[in-house]
Amino acid sequence: MMQSDLYKKHVQIEQENSHFKLPSLARKWGRGLMLFAIITLLLVYAQNIFAQQGNTGTKAENELPVIPQPVQATEVYNGGQVAHFLWDNKVELVFEIEGNNAVTKEDQNAMRSFIQGRLSLLRGGQWPLKVTSRKNGASTGNNQSPAKAAKILLTLEEVDGENKDHGKGTYHIEMNPGLVHISAGHPQGLFYGLNTLMQIGLDQPSNGNGYAMNIPCWNISDQPALGWRGFMLDESRHFFGNDKGKQLLDWMAFYKLNYFHWHLTDAPGWRLSIKEY
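The structure displayed is predicted, hence computed values, not measured ones.

(A) Looking closely at a nonpolar patch on the surface. On the surface, F239, W262, L272 and I274 cluster together to form a nonpolar patch covering roughly 340 Å² of accessible area. Inspection of the secondary structure assignment puts F239 in the loop between β12 (230–234) and α5 (242–254). Its relative accessible area of 42% is what places F239 among the partly exposed residues.

If you want it as structure tokens, here you go:
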């Protein structure tokens, strides 16, 4: 499945889960076109402003189903074949802890909730995901072999090639059949790394088990080209509602956009019901 196929899948899901309240004619013809236009703009914008241009090294090719494409990506081979990491209901998210350089419990739970929500929406069902912590440098008990429960290890540390202007989104991924190691200098980078891993997995067939993704292994280095990667929702003449706004925020996060411009009015008039006023 190529990038366009991943995009079409997401448009279809958004159409099925849309809750626009429009007149009958607009509801019949306008809802799908409106969603198509919004998500098209979001994806094109994300692809163009996140991907770094002019870097040395191996660029990710089109067969990597990630939007936007990472700066660098190399497939991992094992015995002459592409290695795979099995993400099933036994996978653990392991956050490394070392002094103040640790991901807060709030951020840990937020990442888990977001991942579970995206996987449930795009893959179906409920995805159990255990979150644990360990001291930095402790053994994972899981190297190249996937025999035991696989782990996704997230580490906050100094990362090479971090952009000083907007390096919060910089991350590195190293994968083998038993372990995915995502490292970043900021929790935002860890979150982006998880999104990249999830996009690769969502492109893979379930092999008869909807709660498992056999993910091809990649070593990835990525960072945004711009610090401000925004999307605007104009509701000055038609209010889409709270649920639709939350859906757009989730898709923005999924595609690594980081600023939401909520355009509420073209005039002094205020169109939100606020009891205090």
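Picking up after the structure, the text goes on.
(B) Quick look at helix α4 (residues 187–202). Over its 16 residues, α4 extends 22 Å from the first C-alpha to the last, a length consistent with the 22 Å expected when each residue adds 1.5 Å. With 15 of its 16 residues buried, α4 lies for the most part within the structure.

(C) How the structure looks around the environment of R112. Its place among the elements puts R112 in helix α3 (residues 105–123). We classify R112 as partly exposed; its relative accessible area is 26%. Once residues lying within four places of it in the same chain are set aside, the contact partners of R112 are L129 and V131. Among the polar contacts listed, one links the side chain of R112 to the side chain of N109, at a separation of 3.4 Å.

(D) Representation of the packing of α3 against α4 within the structure. It is at 11 Å that the axes of α3 and α4 come closest, and there the two elements cross at 20°. Overall, the two elements α3 and α4 adopt an arrangement that is roughly parallel. Considering the relative orientation of α3 and α4, their crossing is right-handed. Listed contacts from α4 to D107, M111, F114, I115, R118, L119, L122 and R123 of α3 are P187, L190, F191, L194, N195, M198, G201 and L202. Residues that form the contact of α3 with α4 fall into these classes: 11 nonpolar, 2 polar and 3 charged.

(E) Molecular detail of the sheet that holds strand β5 (residues 92–97). Strand order in the open sheet formed by 7 strands is β1-β11-β8-β9-β7-β5-β6, and the pairing between neighbours is mixed. Of all the strands in the sheet, just β1 (72–75) and β6 (130–135) have a single pairing partner and so form its edges. Strand-to-strand, the axes of this sheet are offset by a mean angle of 15°, without reference to chain direction. With 6 bridges connecting them, strand β7 (residues 151–156) and strand β9 (residues 179–184) associate as parallel partners.

What counts, and where the lines are drawn
Residues numbered from 1 in each chain as written. Predicted model: local features only at pLDDT ≥ 70, side-chain atom pairs only at ≥ 80, totals over all residues. Heavy atoms only, no water. Patch = residues over 30% accessible without salt bridge, like charges linked within 9 Å, V, L, I, M, F, W, Y side chains within 5 Å. Areas by Shrake-Rupley, 256 points an atom, 1.4 Å probe, with all protein chains shown as cover. Salt bridge = Lys/Arg side-chain N within 4 Å of Asp/Glu carboxyl O. Helix = DSSP H or I, 4+ residues; strand = E, 2+ residues; numbered from the N terminus. Buried < 20%, exposed > 50% of the residue type's maximum accessible area, 1.4 Å probe, protein only. Expected span 1.5 Å × (residues − 1). Contact = heavy atoms within 4.5 Å. Polar contact = N/O pair within 3.5 Å; in protein donor to acceptor, adjacent residues only side chain to side chain. Axes fitted to C-alpha atoms, helices over the stretch in contact; angles between N-to-C directions. Parallel < 35°, antiparallel > 145°, perpendicular 65-115°, else oblique. Left-handed = near helix turned anticlockwise from the far one by under 90°. Nonpolar A, V, L, I, M, F, W, Y, C, P; charged D, E, K, R; others polar. Pairing = 2+ DSSP bridges.

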